[in-house]
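Each chain, letter by letter, is given below.
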Amino acid sequence: MFSEQFAQLSGSDQTRFAEIVNKILLKGFVVRDIFDSREKIIRVNPDFRFIERQFDLINDYLKFSGWVLNKDLILGVFYLVNTFEDNRIRIDRETSLVLFTLRLIYEDEKEEGGSSSTQSIYMTTPSLIKMMVDHGITMPGKRLTGRLIGKSLRFLNNHNIISKVSGSYDEGNVSFYILPSIKYAIDNEKIVAMSNALDQLNSQEESLIK
């Protein structure tokens, strides 16, 4: 029984348990490797280690509310799934396009063997904008700027999909790491659908130019 196992934890671990379950429900993802803004290094996330030790107990608790905590220990990601397929966060078009681009960057870097010492990918706002321009990804009716993207990056940082290193979202000059949780932030089917739609759009534009 959950209550019996929970009672066996120390008082400090019970408090830690409550804190981490709240973080999981709030953010949806917990990653192993995080950027320490004080030390300026990538380090192991103590929350991740606690979840590793208490994984079964945390999962038993979450299941009461229809949640399942999944794990990918190779990438170093815990991610939450709702068994009723409810409680999904709807994101705006701009954030969807930024997320899509970051996923493309992540996949490309991993295929090329980049950042082999960590599962995260270092990125800057200017580099992200350049990638979007190169792939013909635009914000309908809006000018593609660092400040516009900054709003989306703030959201993704709050949900442990990226990890901010420096800069200001409002000024549009953020540097950050793309975290491996991005693999689970958007379905592969949606990636394929968006890629096909983008290819079709770019093909139509090329035909018009010719």
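A quick note: this is a predicted structure, and the numbers were derived from the prediction, not measured. (Residues numbered from 1 in each chain as written. Predicted model: local features only at pLDDT ≥ 70, side-chain atom pairs only at ≥ 80, totals over all residues. Heavy atoms only, no water.)

Novice: Lay out the sheet that holds strand S1 (residues 29-31) with the relevant residues and their values.
Specialist: Pairing is antiparallel in the open sheet, where three strands are placed in the order S1-S5-S4. The open sheet terminates on both sides in strands that have one partner only, identified here as S1 and strand S4 (67-72). Across the sheet, the axes of successive neighbouring strands diverge by a mean angle of 20°, strand direction being ignored. Taken together, the six bridges between S4 and strand S5 (residues 77-82) define a ladder with antiparallel strand orientation. Bridged to Asn-70 within S5 is Tyr-79. (Pairing = 2+ DSSP bridges. Helix = DSSP H or I, 4+ residues; strand = E, 2+ residues; numbered from the N terminus. Axes fitted to C-alpha atoms, helices over the stretch in contact; angles between N-to-C directions.)

Novice: Explain helix H5 (residues 93-111) to me, and be specific about the residues and the numbers.
Specialist: Between its first and last C-alpha, H5 extends 27 Å over 19 residues, near the 27 Å set by a 1.5 Å rise per residue. Every buried residue of H5 is accounted for by Glu-94, Thr-95, Leu-97, Val-98, Leu-99, Phe-100, Thr-101, Leu-102, Arg-103, Leu-104, Ile-105 and Tyr-106. One side-chain oxygen at the N-terminal end of H5 lies 3.4 Å from the backbone nitrogen of Glu-94; it belongs to Asp-92. (Expected span 1.5 Å × (residues − 1). Buried < 20%, exposed > 50% of the residue type's maximum accessible area, 1.4 Å probe, protein only. Polar contact = N/O pair within 3.5 Å; in protein donor to acceptor, adjacent residues only side chain to side chain.)

Novice: Explain unusual backbone geometry residue by residue, including any values.
Specialist: At Lys-40, a residue that is not glycine, the phi angle is positive and equals roughly 60°. Within the secondary structure, Lys-40 is located in the loop between strand S2 (33-36) and strand S3 (41-44). With relative accessibility at 56%, the residue Lys-40 sits in the exposed group. Positive phi, normally seen in glycine, also occurs at Asn-160, with a value near 60°. Position of Asn-160 relative to the elements: it lies in the loop between helix H7 (146-158) and strand S7 (162-166).

Novice: Account for the layout of surface pockets, with residues named and values stated.
Specialist: Each pocket or cavity is described by its volume, and for the largest pocket that value is around 1100 Å³. Forming the boundary of the largest pocket are 31 residues, of which Phe-29, Arg-88, Ile-89, Tyr-184 and Ala-185 lie nearest the centre. Within the residue set of the lining of the largest pocket, elements represented by two or more residues are helix H2 (11-27), S5, H5, H7, helix H8 (182-185) and helix H9 (188-209). Per-element accounting of the lining of the largest pocket gives the leading share, four residues, to S5. Among the residues forming the lining of the largest pocket, the class breakdown is 17 nonpolar, six polar and eight charged. (1 Å grid on protein atoms, 1.4 Å probe; cavity = no way out; pocket = protein on both sides within 12 Å on 5 of 7 lines; lining within 4 Å. Points joined across faces, edges and corners; volume = space filled by probe spheres on them. Nonpolar A, V, L, I, M, F, W, Y, C, P; charged D, E, K, R; others polar.)

Novice: Describe the environment of Ile-89, listing the residues and the values that go with them.
Specialist: Summarising the element assignment, Ile-89 is placed in the loop between S5 and H5. Under the relative-accessibility criterion, Ile-89 is labelled exposed at 52%. Leaving out residues up to four positions away in the same chain, Ile-89 has contacts with Phe-155 and His-159. (Contact = heavy atoms within 4.5 Å.)

Novice: Please provide a residue-by-residue account of the packing of aromatic side chains, values included.
Specialist: Within the structure shown, the criterion is met by 11 aromatic pairs. Aromatic pair Phe-17 and Tyr-61: ring centres 5.8 Å apart, planes at 80°, arrangement edge-to-face. Placement of Phe-17 in helix H2 and of Tyr-61 in helix H4 (residues 55-63) is noted, with a sequence separation of 44 residues between them. A centroid spacing of 5.7 Å and a plane angle of 25° characterise the contact between Phe-55 and Phe-78, whose relative ring orientation is stacked. (Phe/Tyr/Trp six-rings, centres within 6.5 Å; stacked < 30°, edge-to-face > 60°.)

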